[in-house]
Amino acid sequence: MFVVVAVTGGIAAYKTVHLVRDLVRAGHEVHVVPTADALRFVGLPTWEALSRNPVTTSVHDDVARVRHVSLGQQADLVIVAPATANTIAKMAAGIADDLLGTTLLATTAPVVIAPAMHTEMWRHPATTANMATLRSRGVIVVGPDDGLLTGGDSGPGRMSEPADILRTALGVVSAPDLAGLRVLVSAGGTREPLDPVRFIGNRSSGRQGIALALAAADRGAEVDLVAAHVEAAVLAAASHPRIHISHVGTTAELQDAVVAAASVADVVVMAAAVSDYRVSEVADTKLTKEGGDGTLTLRLVENPDVLAGLARSRRPGQTIVGFAAETASGDELRERGRRKRERKGADLLVVNRVGWSEGFESEENSALLLTEHTDTETEASGTKREVADAVWDAVLGLR
């Protein structure tokens, strides 16, 4: 396979050395296209020695072979690692003022980028908008991870590890194993109003559901994503031409949305954290403390069991996947999960431990994947994208 590895000007370029080496060892023909700034971090001789091919940053070299477009035309895969905020902005705008820019405009091959920058730059509205633009064009994004950054800072913006980039990139050019499937994914957490101001909710950020939707789309599926109160910055990751997003608030709204979408879905994945209860009567005006005795009593009633309802009404051949967040651990977690899977009627139940500092609002997850075969189970851990891919692997095994 003809692979172009583009390297831009960030300290994470040292990691790309390992990516290039691993691609060459795997037998691929690798051509490195660095920016001028990238060569300030890792020199040209290193890239030539590792790739075993000549390296240049200029559109004026090798003019006879029209190198400034021929690299893109020949490529089976393009990887940009690290992808700095500047490069992401130029890609979004279609700027081609160097060999990397012309190569990206000339290629029809899949493009995979691994962002790397400080947290403030990653969260800036300009970068968020640029990332949404690239995703809408089909660019595949790996990371960034949450961890130590240059200068002792820490947060999201760290470039993913070479092995993760390699696995995703090679998966993109392999046969899309979910192609032809329509899947429904719910994400986030529902909220039940008490009055016009307050609500009963939960701590779900929606990250795992978004990772599931994005993984399915990357693997070829058409995805209906039902999002319940997912922050815009998290939801931005779901900008993909094969992901169709609808927004809901309460459990009743989520139920209506997923029942409608499930009617045409081959696979239903209920990753949203659904409120088990709602207040029996929602106040029309804000509840106040005036004239009270220092206490407030709320009467709660059960919400419908959305997952169980979907399982009962499943179409022939439809696969139902549920999620269960539990504070138990060990054998108790496992047994609770098995009982819940049987009670709900799901084909697969993803059980993960949550607590004050794990599960919800985290970049990583750890889960047990339980099916009707009680003597077998799968453990999945790592980033929420890695867990998502493990879930889809399990779904394919069931189907």
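Residues numbered from 1 in each chain as written. Predicted model: local features only at pLDDT ≥ 70, side-chain atom pairs only at ≥ 80, totals over all residues. Heavy atoms only, no water.

With respect to topology, five strands assemble into an open sheet ordered β2-β1-β3-β4-β5, the strand pairing being parallel. The sheet is open, and its two borders are formed by β2 (29–34) and β5 (140–141), each paired with just one other strand. Two strands pair when backbone bridges link them, and strand β3 (residues 77–83) and strand β4 (residues 111–115) are joined in this way by four bridges, in the parallel orientation. When the sheet's bridge partners are listed, Ala-83 is paired in β4 with Pro-115. (Pairing = 2+ DSSP bridges. Helix = DSSP H or I, 4+ residues; strand = E, 2+ residues; numbered from the N terminus.)

What follows covers a nonpolar patch on the surface. On the surface, Tyr-277, Leu-296, Leu-298 and Leu-300 cluster together into a nonpolar patch covering about 390 Å² of accessible area. Mapped onto the fold, Leu-300 is located in strand β15 (residues 300–302). (Patch = residues over 30% accessible without salt bridge, like charges linked within 9 Å, V, L, I, M, F, W, Y side chains within 5 Å. Areas by Shrake-Rupley, 256 points an atom, 1.4 Å probe, with all protein chains shown as cover. Salt bridge = Lys/Arg side-chain N within 4 Å of Asp/Glu carboxyl O.)

Following Ala-81, the chain continues into Pro-82 via a peptide bond in cis, with omega recorded as -5°. When you line up the elements, Pro-82 lands in strand β3. Between Gly-143 and the following residue, Pro-144, the backbone shows a cis peptide bond with an omega angle of 5°. Summarising the element assignment, Pro-144 is placed in the loop between β5 and β6 (145–148). Within the chain, Arg-52 stands out as a residue other than glycine whose phi angle is a positive 65°. For Arg-52, a relative accessible area of 66% translates into the label exposed. (Buried < 20%, exposed > 50% of the residue type's maximum accessible area, 1.4 Å probe, protein only.)

Within strand β17 (residues 348–353), five of the six residues are buried, which leaves it mostly tucked inside the rest of the structure. Taking the sense of rotation as the criterion, the β-α-β connection linking strand β16 (residues 319–326), helix α13 (residues 330–344) and β17 turns out right-handed. With five bridges connecting them, β17 and strand β18 (residues 364–371) associate as antiparallel partners. Residue pairing in the sheet places Asn-352 in a bridge with Ala-367 of β18. (Right-handed = clockwise from strand over helix to strand, strands pointing away.)

Spanning 15 residues, α13 covers 21 Å between terminal C-alpha atoms, matching the ideal 21 Å at 1.5 Å per step. Among the residues of α13, those classed as buried are Leu-333, Arg-334, Gly-337, Lys-340, Arg-341 and Lys-344. One side of α13 carries all its buried residues, which in axial view fall inside an arc of 135°. Of the residues in α13, the exposed ones pointing more than 90 degrees away from the buried face are Asp-331, Arg-339, Glu-342 and Arg-343. Of the surrounding secondary structure, the elements contacted by the buried residues of α13 are α12 (306–312), β16, β17, β18 and β19 (377–383). Looking one or two places after α13, you find Gly-345, whose phi comes out positive at around 85°. (Expected span 1.5 Å × (residues − 1). Arc of directions from axis to C-beta. Contact = heavy atoms within 4.5 Å.)

So, on to the nonpolar core. Among the nonpolar cores identified, the biggest contains 39 residues, and Val-391 and Trp-392 are the most heavily contacted of them. The biggest single contributor to this core is helix α9 (residues 207–218), with eight residues. When near neighbours in sequence (up to four residues on either side) are disregarded, Val-391 contacts Leu-212, Val-321, Phe-323, Leu-348, Val-350 and Leu-369. In terms of nonpolar packing, the next biggest core, distinct from the first, is built from 28 residues, Val-5, Val-20, Val-30 and Ile-140 among them. (Core = buried A, V, L, I, M, F, W, Y, C linked by side-chain atoms within 4.5 Å.)

Okay, the UniProt feature "binding site: CTP" (unreviewed entry) in the protein chain next. With numbering aligned to this structure, UniProt lists the feature "binding site: CTP" (unreviewed entry) at Asp-276, Lys-286, Pro-304, Asp-305, Val-306, Leu-307, Phe-323, Lys-340 and Lys-344. For the residues just named, distributed over 69 residues, the greatest C-alpha separation reaches 37.1 Å, placing them at more than one site. Discounting residues that sit within four places of it in the chain, Lys-344 has contacts with Asp-305, Leu-307, Ala-308 and Ala-311. (UniProt positions renumbered as here; feature names shortened; annotations may be inferred.)

Turning next to the pattern of salt bridges. Here the structure, examined in full by the defined rule, presents 21 salt bridges. Across the salt bridge formed by Arg-21 and Asp-22, the nearest N and O atoms sit 3.3 Å from each other. With a shortest N-O distance of 2.9 Å, Lys-90 and Asp-97 are connected by a salt bridge. Overall, Asp-97 belongs to the exposed group, its relative accessible area being 54%. What you see here is one network of salt bridges that share partners, running through Asp-177, Asp-218, Arg-219, Arg-385, Asp-389 and Asp-393.

Further remarks concern the sheet that holds β18. Strand order in the open sheet made by the eight strands is β12-β11-β8-β13-β16-β17-β18-β19, with mixed pairing throughout. A strand with exactly one partner marks an edge of an open sheet, and here the two such strands are β12 (243–248) and β19. Going from strand to strand, the sheet's axes swing by 20° on average, the running direction of each strand aside. Bridging between strand β11 (residues 222–228) and β12 involves six bridges; their strand directions are parallel. Within β12, the position partnered with Val-223 by the bridge is Ile-243. The strands touched by α13 within the sheet are β16, β17, β18 and β19, with β18 carrying the most contacts at an inclination of about 55°. Sitting on the sheet, helix α14 (residues 384–398) touches β8 (182–188), β13 (267–270), β16, β17, β18 and β19, and the angle it makes with β19 is about 155°. (Axes fitted to C-alpha atoms, helices over the stretch in contact; angles between N-to-C directions.)

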